[in-house]
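Chain by chain, the residues run as shown.
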Amino acid sequence: MIGLISATAAGAAARDRLAAAWPERTRVYEGPVAGAVRTAFAECDRLVCFLATGAVVRLVAPLLDDKRTDPGVVCVDEGGRFAVSLVGGHGGGANELARAVGEVLGAEPVVTTATDAVGLAGLDTLGLPVEGDVAGVSRALLDGEPVALRAEVAWPLPPLPVTADGAYGIRVTDRAVEPAGGEVVLRPPSLVVGVGASRGAPVDEVLGLVEDALREAGLSAASVAELATVDAKAEEPGIVGAAERLGVPLVTYAAGTLADVEVPNPSDAPLAAVGTPSVAEAAALVRGGELLVPKRKSAAVPAMATCAVVRRPGRGRIAVVGLGPGARDLVTPRARAELRRASVLVGLDQYVDQIRDLLRPGTRVLESGLGAEEERARTAVEEARRGYAVALIGSGDAGVYAMASPALAEASDDIDVVGVPGVTAALAAGAILGAPLGHDHVSISLSDLHTPWEVIERRVRAAAEADLVVTFYNPRSRGRDWQLPKALAILAEHREPSTPVGVVRNASRADESSRLSTLAALDPATVDMMTVVTVGNTATREIAGRMVTPRGYRWQEDPASRRSPAASSRPSGAGTSVSETSEENL
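Keep in mind the model is a prediction, meaning the values are calculated, not measured. (Residues numbered from 1 in each chain as written. Predicted model: local features only at pLDDT ≥ 70, side-chain atom pairs only at ≥ 80, totals over all residues. Heavy atoms only, no water.)

A. Here's a closer look at the sheet that holds strand β20 (residues 416-420). The strand order across the open sheet formed by five strands is β18-β17-β19-β16-β20, and the pairing between neighbours is parallel. In this open sheet, the two edge strands, each paired with only one partner strand, are β18 (364-368) and β20. Along the sheet, successive strands turn relative to each other by an average axial angle of 15°, direction set aside. With five bridges connecting them, strand β16 (residues 317-322) and β20 associate as parallel partners. The residue of β20 that forms the bridge with Val 320 is Gly 419. Relative to β16, helix α12 (residues 333-341) is tilted by about 140°, and along the sheet it contacts β16, β17 (344-348), β19 (389-394) and β20. (Pairing = 2+ DSSP bridges. Helix = DSSP H or I, 4+ residues; strand = E, 2+ residues; numbered from the N terminus. Axes fitted to C-alpha atoms, helices over the stretch in contact; angles between N-to-C directions. Contact = heavy atoms within 4.5 Å.)

Written out as structure tokens, the structure is:
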């Protein structure tokens with residue numbers, strides 16, 4: 001919960017805006033400010049104080065105890081100009097909160113944490129349990145000193161400026177090791193503990209068995225991601241209690257699913273009891289991994305619990321990121337976040353140059369030139385399979401004539417894939433021209449490098465006959481100069497010579513240019529590969545110098561009837577509503 005405190009009418013107005021934006025996440029504290037701050041500090045995990053920073057410093061100073069448990073505190077000035085992360089930047093979430101408050105109120109977030117200021121990922125913000133000399137290693141990273149990364153378990157970390165050797169180190173491990181001097185140990189959630197138990201097994205017996213198994217195998221309980229068992233034991237108190245005390249989720253599987261898992265130690269007892277020859281080992285192995293601790297029983301007589309431990313490799317991750325048509329302000333916040341999250345960036349060299357300054361220090365960049373799309377896709381998938389967090393970039397929307405298709409054709413279910421939408425060239429050009437895509441439309445690439453011209457021509461002819469607005473990608477190059485005239489001629493068989501045609505070159509970039517022409521007047525020689533050509537349908541008009549395709553709901557213009565043609569043909573009683581027929585996206 002986020003506590004909100006203000007002292008003046010101006011502060012209260014900004015406070016109420018934030019409360020309205022986050023009704024489920026915030027609580028307003030009224031009354032004298034000092035008392036409100038004390039109460040909120042005790043009850044909330046974060047605070048936003050609409051007060052001067054000096055006043056908040058004096059109010060919260062006596063309340064501070066431990067940076068690992070104190071709530072994060074953000075100050076917003078009376079004018080709503082700045083959201084200052086004051087206390088608990090990392091551990092208390094104040095840095096993130098300052099940015100979020102800034103987005104809602106239009107304030108500038110002020111974050112002075114050293115790693116954030118230079119774009120480094122904070123070691124205590126990675127979402128992993130962390131031990132050791134966090135301050136010392138962070139300072140070494142900031143000062144550019146050699147910091148070695150020792151990844152005993154592959155895990156998709158964000159970029160870090162690390163080396164092979166160094167006096168300082170970051171160790172990624174699920175083993176129960178103590179950090180050395182000048183070292184940080186990160187605990188990835190790589191361990192799965194499969195558990196079986198007889199009815200009524202005590203929680204202490206189950207928990208003790210798990211803890212003993214981990215300790216004797218030299219594994220850290222901080223790396224346990226989940227307890228797993230069969231569905232029939234989903235509510236077994238001993239197993240449920242053990243998961244709660246370990247602070248991990250309990251995951252269950254159907255007996256039939258577990259019965260299909262090959263295990264080294266099957267048994268007739270669980271087969272008779274719950275329908276699978278293995279519970280502990282099968283539940284731990286069902287999603288793959290390395291069996292570190294085979295099935296073992298608890299020490300009680302009779303033994304009422306079994307467990308097994310598996311290490312699952314970290315799943316690599318590809319974010320297929322659309323960068324938009326070129327303008328920096330059309331790169332979405334989600335795309336920026338994925339670029340900062342990725343430790344490996346794969347992309348066309350000219351696109352990498354556009355966003356190189358958005359990358360965190362330590363990002364490994366793999367760039368190549370034109371014509372290497374499949375190679376880039378394979379490279380991105382290979383890097384993800386090695387356990388890295390990868391961003392594969394493309395212009396516009398990565399799923400439209402870009403990198404998503406070849407990447408997903410290479411990827412299997414052993415990695416995670418995230419699509420990040422971007423503004424396409426057709427949309428960027430449409431916004432410049434006016435509203436040419438106001439009704440049904442289609443995009444067609446005229447490049448026959450990957451698609452036979454016979455197929456392209458069939459698609460152009462179908463769009464012409466269907467009276468669709470057509471946006472042509474890759475319309476003309478020095479080596480392909482006849483395809484655009486041919487496509488325009490096909491459209492001319494079905495449309496008037498006066499049909500508007502919009503031509504936009506380098507949409508949203510510094511040298512952007514656009515013009516309106518007609519189907520008869522357009523000179524294809526003025527078009528190149530940096531151009532998008534949009535041809536209207538029979539309803540498209542030029543209005544006040546803009547290209548407009550009407551929505552086409554002509555029935556709405558008839559004062560005698562407000563029903564759609566489809567509705568008017570229905571039998572009595574088969575009604576529809578205006579909202580059903582006039583939505584923008586049906």
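B. A look at the packing of aromatic side chains. Applying the stated criterion across every chain yields a total of two aromatic pairs. Ring geometry for Trp 453 against Trp 482: centres 5.0 Å apart, planes inclined by 70°, an arrangement best described as edge-to-face. Of this pair, Trp 453 sits in helix α17 (residues 453-465) while Trp 482 sits in the loop between β23 (469-473) and α18 (483-492), and the two are 29 residues apart along the sequence. For Trp 453, a relative accessible area of 10% gives the class buried. (Phe/Tyr/Trp six-rings, centres within 6.5 Å; stacked < 30°, edge-to-face > 60°. Buried < 20%, exposed > 50% of the residue type's maximum accessible area, 1.4 Å probe, protein only.)

C. The side chain of Ser 447, seen in detail. Looking at where Ser 447 falls in the secondary structure, it is placed in the loop between β22 (441-445) and α17. Assessed through its relative accessible area of 13%, Ser 447 is described here as buried. Within the local environment of Ser 447, its side chain forms a polar contact with the backbone nitrogen of Leu 449, the two atoms lying 3.4 Å apart. When neighbours within four sequence positions are excluded, Ser 447 is seen to be in contact with Ile 456, Asn 474 and Arg 480. (Polar contact = N/O pair within 3.5 Å; in protein donor to acceptor, adjacent residues only side chain to side chain.)

D. Structural view of the sheet that holds strand β7 (residues 130-132). Taken together, the four strands give an open sheet; going across it, the order is β7-β10-β9-β8, and neighbouring strands pair in mixed fashion. Each edge of the open sheet is held by one strand with a lone partner, namely β7 and β8 (147-151). Adjacent strand axes in the sheet meet at a mean angle of 20°, parallel and antiparallel pairs treated alike. Where β7 meets strand β10 (residues 183-186), three bridges bridge the pair, whose relative direction is antiparallel.

E. A look at the packing of helix α1 (residues 9-21) against helix α4 (residues 94-105). Orientation of α1 relative to α4, taken along the N-to-C sense of each, is 100°, at an axis distance of 10 Å. The angle between α1 and α4 falls in the class roughly perpendicular. Facing Ala 14, Arg 17, Leu 18 and Ala 21 of α1, the residues of α4 in contact are Val 101, Val 104 and Leu 105. Of the residues assigned to the contact of α1 with α4, the class counts are six nonpolar, no polar and one charged. (Parallel < 35°, antiparallel > 145°, perpendicular 65-115°, else oblique. Nonpolar A, V, L, I, M, F, W, Y, C, P; charged D, E, K, R; others polar.)

F. Examining the nonpolar core more closely. Ranked by size, the top nonpolar core spans 22 residues in total, and within it Val 193, Val 195 and Leu 227 carry the most contacts. For this core, the secondary structure elements donating two or more residues are β11 (191-197), α7 (203-216), β12 (224-230), α8 (237-246) and β15 (305-311). It is α7 that provides the largest number of residues to this core, a total of six residues. Not counting chain neighbours up to four residues away, the residues in contact with Val 193 comprise Val 210, Val 224, Glu 226, Leu 227, Ala 228, Cys 307, Ala 308 and Val 309. (Core = buried A, V, L, I, M, F, W, Y, C linked by side-chain atoms within 4.5 Å.)

G. Quick peek at the pattern of salt bridges. In this structure the tally under the stated criterion is 29 salt bridges. Between Arg 171 and Glu 183 there is a salt bridge, with its nearest N and O atoms 3.2 Å apart. Of this pair, Arg 171 sits in strand β9 (residues 168-172) while Glu 183 sits in strand β10, and the two are 12 residues apart along the sequence. The pair formed by Arg 171 and Glu 183 is uniform in burial state, with each residue classed as buried. For Glu 373, the salt bridge is made with Arg 376, and the minimal N-O distance between the two is 4.0 Å. Of this pair, Glu 373 and Arg 376 are both found in helix α14 (residues 373-385), three residues apart, which corresponds to roughly one turn of the helix. A relative accessible area of 5% places Arg 376 in the buried class. If you follow the salt bridges from partner to partner, you end up with Arg 150, Glu 152, Arg 171, Arg 175 and Glu 183 in one network. (Salt bridge = Lys/Arg side-chain N within 4 Å of Asp/Glu carboxyl O.)

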